[in-house]
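An overview of the molecular structure
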Amino acid sequence: MDMIFFEGQAVFLEDYKKVAKNQTIDEQQVISEVMDQLNQPTPNDELYYILPGGQTTKGHAVRFPFRKELMATDNEATVSKQYFYQGSPYEYEMYEDEQL
């Protein structure tokens, strides 16, 4: 049984496969990479997973937008994070320092 790490995971994997150069992916590894990026601190609270240009079919980096919600359970007084894939990934060119 596959584990669900964020809402919209199946849609994300479909979108990922559309832009990824390698069509045979290890879904657990991809999800692990996504979760690692999402758990990094961000200065403006914009959450996204970036697939580097070298791993995409067109050679441009692709950004997949996410959002995070904090969920509190009254019975246990615990707070947990839940991530949601927002859909609509978009490509953009990343410029290296030498190109600026």
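Before reading further, recall that the structure is shown in the block above.
Described in the following lines is the structure provided in the data block. (Residues numbered from 1 in each chain as written. Predicted model: local features only at pLDDT ≥ 70, side-chain atom pairs only at ≥ 80, totals over all residues. Heavy atoms only, no water.)

This brings us to the packing of aromatic side chains. Following the criterion strictly, the structure yields eleven aromatic pairs and no others. Geometrically, the ring pair formed by Phe64 and Tyr85 is tilted, given 6.3 Å between the ring centres and 45° between the ring planes. Remark: Tyr85 occurs in strand β3 (residues 78–85) and Phe64 occurs in strand β2 (residues 61–73); sequence separation between them is 21 residues. With a relative accessible area of 0%, Phe64 lands in the buried category. Judged by centre distance (5.3 Å) and plane angle (55°), the ring pair of Phe66 and Tyr85 falls under tilted. Of this pair, Phe66 sits in strand β2 while Tyr85 sits in strand β3, and the two are 19 residues apart along the sequence. Neither residue differs from the other here; Phe66 and Tyr85 are each classed as buried. A cation over a ring is seen here: Arg63 above Tyr48, with NZ or CZ 4.1 Å from the ring centre. (Phe/Tyr/Trp six-rings, centres within 6.5 Å; stacked < 30°, edge-to-face > 60°. Helix = DSSP H or I, 4+ residues; strand = E, 2+ residues; numbered from the N terminus. Buried < 20%, exposed > 50% of the residue type's maximum accessible area, 1.4 Å probe, protein only. Lys NZ or Arg CZ within 6 Å of the ring centre and 35° of its normal.)

Now for helix α1 (residues 9–19). Among all positions in α1, only Gln9, Phe12, Leu13, Asp15, Tyr16 and Val19 are buried. Down the axis of α1, the smallest arc covering the buried residues is 165°, so these residues share one side. Projecting away from the buried face of α1 at angles above 90 degrees are the exposed residues Ala10, Glu14 and Lys18. Lining the buried residues of α1 we find α2 (27–38), β1 (47–51), β2 and β3. (Arc of directions from axis to C-beta. Contact = heavy atoms within 4.5 Å.)

What is shown is where atoms sit, not what they do.
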